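Letter by letter, the chains look like this.
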Amino acid sequence: MTGAPATVRAGDGGVVSLDYGLASTMLALGQTPRAVVSLRNWGEWVVEPTMPADVVDLGTSSEINLEVLTSIRPSLILSTPFLAALDEKLSRIAPVERFTIYAEHNEALARSYVETLRLGTMIGRTEQAKAFLSAADASFDRLRERTKNLSAPPVAVINFIDNRHARIYGGPGLFSGAMKRIGLENAWKGEASYWGFQTIGLEQLAELGEDAHLIIVSPLLPPDVLTQLSESPLWTSLPFVKGRRLSVIPGVLMFGMVEEALRFSTLVVDTLEASAR
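Residues numbered from 1 in each chain as written. Predicted model: local features only at pLDDT ≥ 70, side-chain atom pairs only at ≥ 80, totals over all residues. Heavy atoms only, no water.

**Q** Give me the pairing of strand E9 (residues 213-217): which residues, what numbers.
**A** With 5 of its 5 residues buried, E9 lies for the most part within the structure. Taking every second residue as pointing to the same face, both faces of E9 are buried, with His-213, Ile-215 and Val-217 on one and Leu-214 and Ile-216 on the other. In this sheet, E9 lies alongside strand E6 (residues 155-160) in parallel orientation, the contact comprising 4 bridges. Along E9, the bridge assignment pairs Val-155 with His-213. With 4 bridges connecting them, E9 and strand E10 (residues 246-249) associate as parallel partners. (Buried < 20%, exposed > 50% of the residue type's maximum accessible area, 1.4 Å probe, protein only. Helix = DSSP H or I, 4+ residues; strand = E, 2+ residues; numbered from the N terminus. Pairing = 2+ DSSP bridges.)

Put into structure tokens, the structure is as follows:
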């Protein structure tokens, strides 16, 4: 691999990623992974950036196709602590490097910066990583200025699990960190795991402030959930529904890295500006 540091062996198969966020970061640094897990679902959960057509699908993270992985002859396997049980098998195929974003005492966005630099160095893209993070900071600063000019309301962000439950985002997670970075107040004051979300019943959305704007991240599960909820007295009585402070944005990887934090922030600010018109 051209420009690769000594820690990465020059193999025929390049670098494979067992994590969406790491794969997306590779693309942001100008290098395409040779293979990725759960590639068939990339367009639904990550959406952007688009993964090139010649990238190999390794199957799901719970059922990685080790035969395909072996046949690729990768020079490096990018993994996370949540796949540690596979390390022994994977290390027989190629060197394995773990990247830790989501863990106790970590702030996901800050940690993503650190791990982006480490990844860049590992794949011979140190300068590209520095340039990417510098550009990200400039973009976050511009979004923060837009938020300030907008006098944006507090924002709550959810994914539906079904028509009675949702994940709501906060704590040390990526979405919450991105909101803080661009100067948005999180309307959810409750607890959240180090993954950055809490599972709630929809009745708990009544705890949000009267002026909160609710942003729903696609995909909508079930697809007709908003139609179903439009017939619910509880849902229709919520202040953000009555005040039409409710928006749906395209899918963004909630367990991603800097690239996903930027995309999420841009979609949110664009949505809030559109709602204010």
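**Q** Pulling in residues and values, what's your account of the packing of aromatic side chains?
**A** With the rule as written, the count across this model stands at 12 aromatic pairs. Among the aromatic residues, those joined into a ring-pair cluster are Phe-82, Tyr-102, Tyr-169, Phe-175, Tyr-194, Trp-195, Phe-197, Phe-255 and Phe-264. Over the ring of Phe-99 we find Arg-118; its NZ or CZ atom is 4.0 Å from the centre of that ring. (Phe/Tyr/Trp six-rings, centres within 6.5 Å; stacked < 30°, edge-to-face > 60°. Lys NZ or Arg CZ within 6 Å of the ring centre and 35° of its normal.)

**Q** Tell me about the environment of Val-15, and please be specific about residues and values.
**A** Residue placement: Val-15 occurs in strand E1 (residues 15-17). Here Val-15 falls in the buried class, since its relative accessible area comes to 1%. For the pair Val-15 and Leu-78, spaced 63 residues apart in sequence, the C-alpha to C-alpha distance is 7.4 Å.

**Q** Describe in detail the packing of helix H5 (residues 108-122) against helix H6 (residues 126-150), supporting the description with residues and values.
**A** Helix packing for two helices is described by the angle between their axes and how far apart those axes are. One can describe the packing of H5 onto H6 by two numbers: an axis separation of 7 Å at closest approach and a directional angle of 155°. Taken as axis vectors, H5 and H6 run roughly antiparallel relative to one another. For H5 against H6, the interelement crossing comes out right-handed. Side by side, H5 and H6 meet where Leu-109, Tyr-113, Thr-116, Leu-117, Gly-120 and Thr-121 of the first sit next to Thr-126, Ala-129, Lys-130, Phe-132, Leu-133, Ala-136, Asp-137 and Phe-140 of the second. (Axes fitted to C-alpha atoms, helices over the stretch in contact; angles between N-to-C directions. Parallel < 35°, antiparallel > 145°, perpendicular 65-115°, else oblique. Left-handed = near helix turned anticlockwise from the far one by under 90°. Contact = heavy atoms within 4.5 Å.)

**Q** Describe H5, listing the residues and the values that go with them.
**A** Here H5 spans 20 Å end to end across 15 residues, near enough to the 21 Å set by a 1.5 Å rise per residue. Those residues of H5 that are buried lie in contact with helix H1 (20-28), strand E4 (76-79), strand E5 (96-98), H6, helix H7 (174-181) and helix H11 (258-276). A positive phi of about 75° marks Gly-124, the residue just after H5. (Expected span 1.5 Å × (residues − 1).)

**Q** Please provide a residue-by-residue account of the pattern of salt bridges, values included.
**A** Counted by the stated rule, this structure contains 12 salt bridges. Here Arg-118 makes a salt bridge to Glu-115, at a shortest N to O gap of 3.0 Å. One end of the pair, Arg-118, and the other, Glu-115, are both in helix H5, 3 residues apart, so they sit about a helical turn from each other. By relative accessible area, which is 29% here, Arg-118 ends up partly exposed. Judged by its relative accessible area of 2%, Glu-115 is buried. With a closest N to O distance of 3.9 Å, Lys-130 and Glu-127 form a salt bridge. Taken as a pair, Lys-130 and Glu-127 lie in helix H6 at a separation of 3 residues, close to a single helical turn. (Salt bridge = Lys/Arg side-chain N within 4 Å of Asp/Glu carboxyl O.)

**Q** Break down the nonpolar core for me, with residues and values.
**A** Leu-78, Phe-140, Val-157, Phe-175 and Phe-264 are the most contacted members of the largest nonpolar core, which totals 45 residues. Elements with a minimum of two residues in this core: H1, E4, H5, H6, E6, H7, E9 and H11. With 8 residues, the top contributor of residues to this core is H11. Filtering out sequence-adjacent residues up to four positions away, Phe-175 remains in contact with Val-157, Tyr-169, Val-217, Val-252, Leu-253, Met-254 and Phe-264. Ala-187, Trp-188, Val-225 and Leu-238 belong to the second-largest nonpolar core, a separate cluster that totals 20 residues. (Core = buried A, V, L, I, M, F, W, Y, C linked by side-chain atoms within 4.5 Å.)

**Q** Requested: an account of H1, with residues and values cited.
**A** Of all 9 residues in H1, 8 are buried; the element is thus mostly enclosed. All of the buried residues in H1 are Tyr-20, Gly-21, Leu-22, Ala-23, Ser-24, Thr-25, Met-26 and Leu-27. Where H1 is buried, its residues touch E1, strand E2 (35-36), helix H2 (42-45), E4, H5 and H11. Between the side-chain oxygen at the start of H1 and the backbone nitrogen of Gly-21 there is a gap of 3.0 Å, and the oxygen is on Asp-19. Just past H1, the residue Gly-30 takes up positive phi, approximately 90°. (Polar contact = N/O pair within 3.5 Å; in protein donor to acceptor, adjacent residues only side chain to side chain.)

**Q** Help me get a handle on the side chain of Ser-38, residues and values and all.
**A** Turning to its location among the elements, Ser-38 is positioned in the loop between E2 and H2. Residue Ser-38 is classed as buried on the basis of its relative accessible area, which comes to 15%. Ser-38 has contacts with Tyr-20, Asp-57, Gly-59, Thr-60 and Ser-61, leaving out every residue within four places of it along the chain.

**Q** With reference to specific residues and values, describe the environment of Tyr-194.
**A** Along the chain, the position of Tyr-194 falls in the loop between H7 and strand E8 (197-201). What makes Tyr-194 partly exposed here is its relative accessible area of 26%. When sequence neighbours within four positions are dropped, the list of residues in contact with Tyr-194 reads Phe-82, Tyr-102, Ala-103, Glu-104 and Pro-172.

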